[in-house]
Amino acid sequence: HSLQSLDDMCASIVRSHRETSQYRVEELQVLRWKLYSREEIQVYQSKSVDEMWQHCASRLTDAVQYVVEFAKQIPGFRTLSQNDQIALLKTGSMEVVLVRMSRFFNAENNSVFFDGKFAGVEVFKSLACGDLITAVFDFAHGMCALKLSEQQIALFSALVLINADRPCLEDRGRVQRAQRSLEFGLRHILHRDNQESLMHKLNQRMAVLRSLCSLHMEKLQWFSQHYPLTAHILFPPLYKELFA
Ligand SMILES: CCS(=O)(=O)c1ccc(CC(=O)Nc2nc(-c3ccccc3)c(C(=O)c3ccccc3CC(C)C)s2)cc1
């Protein structure tokens with residue numbers, strides 16, 4: 001790798017991340033203390049389980065759509081077969097959404113950006129999956145502690161997606177080559193930022209992401225068994241395609 005091409009690759013991924021990130025950090029900074037009132041929390045808590053799941057699934061699907069656009073701009077993703085692109089998005093898109101969402105976690109009041117304001121765990125009570133919600137909050141806490149820059153998040157997100165260990169890949173070798181080049185890119189910017197120690201911590205975060213996403217799939221299975229109509233008819237097609 002010439003240094004120039006490594007810099008160019010990193011710059012293009014950072015640009016793609018910015019263009020597809022749905023909300024900018026500077027945009028949401030001003031909202032960080034816009035919390036839900038007791039009455040508004042009450043409204044969320046009085047929603048039925050399937051109503052709240054449906055609401056969240058459509059919010060999540062919006063976020064995933066932007067991650068699909070991000071993926072399509074990653075060098076090495078476009079040249080993969082359709083099947084391999086779907087296989088990477090099936091397991092990686094939720095992980096990138098979680099990485100992106102953790103940028104807006106407010107560790108001081110333990111709240112996440114949801115529906116235009118910042119919500120504590122209590123807002124999600126009617127989902128009836130407290131362990132998943134707690135795990136998402138804990139993950140966001142852990143990501144916040146790393147204080148990643150947008151550039152580091154951009155390269156990390158690309159690496160979360162282009163992962164040769166994912167199941168059912170046709171051309172694992174090609175994904176491996178793309179993954180290695182992104183690993184060079186991430187190491188390059190961590191070296192430049194004098195933060196090589198982050199690499200190990202980011203690998204640990206990836207392991208947490210995998211367990212978080214399998215917990216999400218578990219809960220989705222539970223939900224689809226109890227509310228088949230909502231899950232099969234009312235959920236957004238992309239959510240079903242990727243997660244069901
Ligand atoms: C991702 C791009 S972004 O610009 O950062 C962005 C863009 C848009 C938003 C607004 C937003 O949709 N926030 C949501 N928050 C949560 C959530 C919920 C429980 C705890 C923590 C965050 C959503 C979920 O539906 C969710 C997310 C992770 C795991 C599980 C669920 C719920 C299950 C039932 C689907 S959607 C936030 C951030």
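Participant: Would you mind showing me how to read unusual backbone geometry here?
Facilitator: One non-glycine residue, Lys147, lies in the positive phi region at around 45°. Within the secondary structure, Lys147 sits in the loop between α6 (130-146) and α7 (150-161).

Participant: Explanation requested: the side chain of His55 in the structure shown.
Facilitator: As for its placement among the helices and strands, His55 is situated in helix α4 (residues 49-72). Once residues lying within four places of it in the same chain are set aside, the contact partners of His55 are Tyr44, Phe114 and Asp115.

Participant: Would you mind going over the site of the ligand with me for this structure?
Facilitator: Around the ligand there are 24 residues in total, and Ser21, Tyr23, Cys56, Phe104 and Phe113 lie nearest to it. Within the backbone of Ser21, an N or O atom sits 2.8 Å from an oxygen atom of the ligand. The separation between an oxygen atom of the ligand and a polar main-chain atom of Arg100 is 3.4 Å. Across the complex, the protein chains shield 99% of the 770 Å² of accessible surface that the ligand would expose by itself. When contributions to the shell around the ligand are tallied by element, the ones reaching two or more residues are α4, α5 (82-101), β1 (112-114) and α6. Considered class by class, the residues forming the shell around the ligand number 19 nonpolar, two polar and three charged.

Participant: What should I look at first to understand the nonpolar core in this one?
Facilitator: Soluble globular proteins tend to pack their nonpolar side chains together in the buried interior. Of all hydrophobic cores here, the largest spans 78 residues; its most connected members are Phe114, Val123, Phe124, Leu155, Leu161, Ile162 and Leu182. Sort the elements by how many residues they give to this core and α4 lands first, with 11 residues. Once residues lying within four places of it in the same chain are set aside, the contact partners of Leu182 are Met9, Ile13, Ile74, Leu155, Ala158, Leu159 and Ile162. Counting residues in hydrophobic clusters, the runner-up holds five residues, among them Val25, Leu28, Phe104 and Phe113.

Participant: How should I be thinking about the environment of Thr230 in this particular structure?
Facilitator: Topologically, Thr230 is positioned in helix α10 (residues 228-234). What makes Thr230 buried here is its relative accessible area of 4%. On a C-alpha basis, the gap between Thr230 and Glu51 in space is 8.4 Å, while along the polypeptide they are 179 residues apart. Not counting chain neighbours up to four residues away, the residues in contact with Thr230 comprise Asp50, Gln54, Phe223 and Phe235. A polar side-chain atom of Thr230 sits 3.2 Å from a polar atom in the side chain of Asp50.

Participant: So what exactly am I meant to see when it comes to the pattern of salt bridges here?
Facilitator: Side chains that differ in charge, positive against negative, can pair when their charged atoms come close. Counted under the stated rule, the structure contains 10 salt bridges. Where Arg32 meets Glu108, a salt bridge forms, and the shortest distance between an N and an O atom there is 3.4 Å. Of the two residues, Arg32 sits in the loop between α2 (25-29) and α3 (38-45) while Glu108 sits in the loop between α5 and β1, which places them 76 residues apart along the sequence. What makes Glu108 exposed here is its relative accessible area of 61%. With a shortest N-O distance of 3.2 Å, Asp131 and Lys219 are connected by a salt bridge. Taken together, the residues Asp131 in helix α6 and Lys219 in helix α9 (residues 198-226) connect sequence positions 88 residues apart. Owing to a relative accessible area of 40%, Asp131 belongs among the partly exposed residues under this scheme. Three or more residues joined by partner-sharing salt bridges are found here, namely Arg59, Asp62 and Asp115.

Participant: Mind showing me how you'd approach α6 here?
Facilitator: Because the α-helix completes a turn every 3.6 residues, residues three or four places apart line up on one side. The terminal C-alpha atoms of α6, which comprises 17 residues, lie 25 Å apart, in line with the 24 Å expected from a rise of 1.5 Å per residue. All buried positions along α6 are accounted for by Leu132, Ile133, Phe137, Phe139, Ala140, Gly142, Met143 and Leu146. Looking at the buried positions of α6, the neighbouring elements they touch are α5, β1, β2 (117-119), α7 and α9. Of the residues flanking the end of α6, it is Lys147, one or two places downstream, whose phi is positive at about 45°.

Participant: Could you clarify how one ought to interpret the confidence of the model for the protein in this entry?
Facilitator: Detailed conclusions should not be drawn from predicted coordinates in areas where pLDDT is low. For the protein, mean pLDDT is 95; residues scoring 70 or higher make up 100% of the total. Of the two predicted TM-score estimates for the complex, the pTM is 0.96 and the ipTM is 0.97.

Participant: What is the right way to look at the environment of Lys147 in this model?
Facilitator: In this structure Lys147 comes out as exposed when scored by relative accessible area, which is 68%. Spatially, the C-alpha atom of Lys147 lies 8.9 Å from that of Arg103, the residues being 44 residues apart in sequence.

Cut-offs and rules
- Residues numbered from 1 in each chain as written.
- Predicted model: local features only at pLDDT ≥ 70, side-chain atom pairs only at ≥ 80, totals over all residues.
- Heavy atoms only, no water.
- Helix = DSSP H or I, 4+ residues; strand = E, 2+ residues; numbered from the N terminus.
- Contact = heavy atoms within 4.5 Å.
- Near = heavy atom within 4 Å.
- Polar contact = N/O pair within 3.5 Å; in protein donor to acceptor, adjacent residues only side chain to side chain.
- Areas by Shrake-Rupley, 256 points an atom, 1.4 Å probe, with all protein chains shown as cover.
- Nonpolar A, V, L, I, M, F, W, Y, C, P; charged D, E, K, R; others polar.
- Core = buried A, V, L, I, M, F, W, Y, C linked by side-chain atoms within 4.5 Å.
- Buried < 20%, exposed > 50% of the residue type's maximum accessible area, 1.4 Å probe, protein only.
- Salt bridge = Lys/Arg side-chain N within 4 Å of Asp/Glu carboxyl O.
- Expected span 1.5 Å × (residues − 1).
- pLDDT = per-residue confidence, 0-100.

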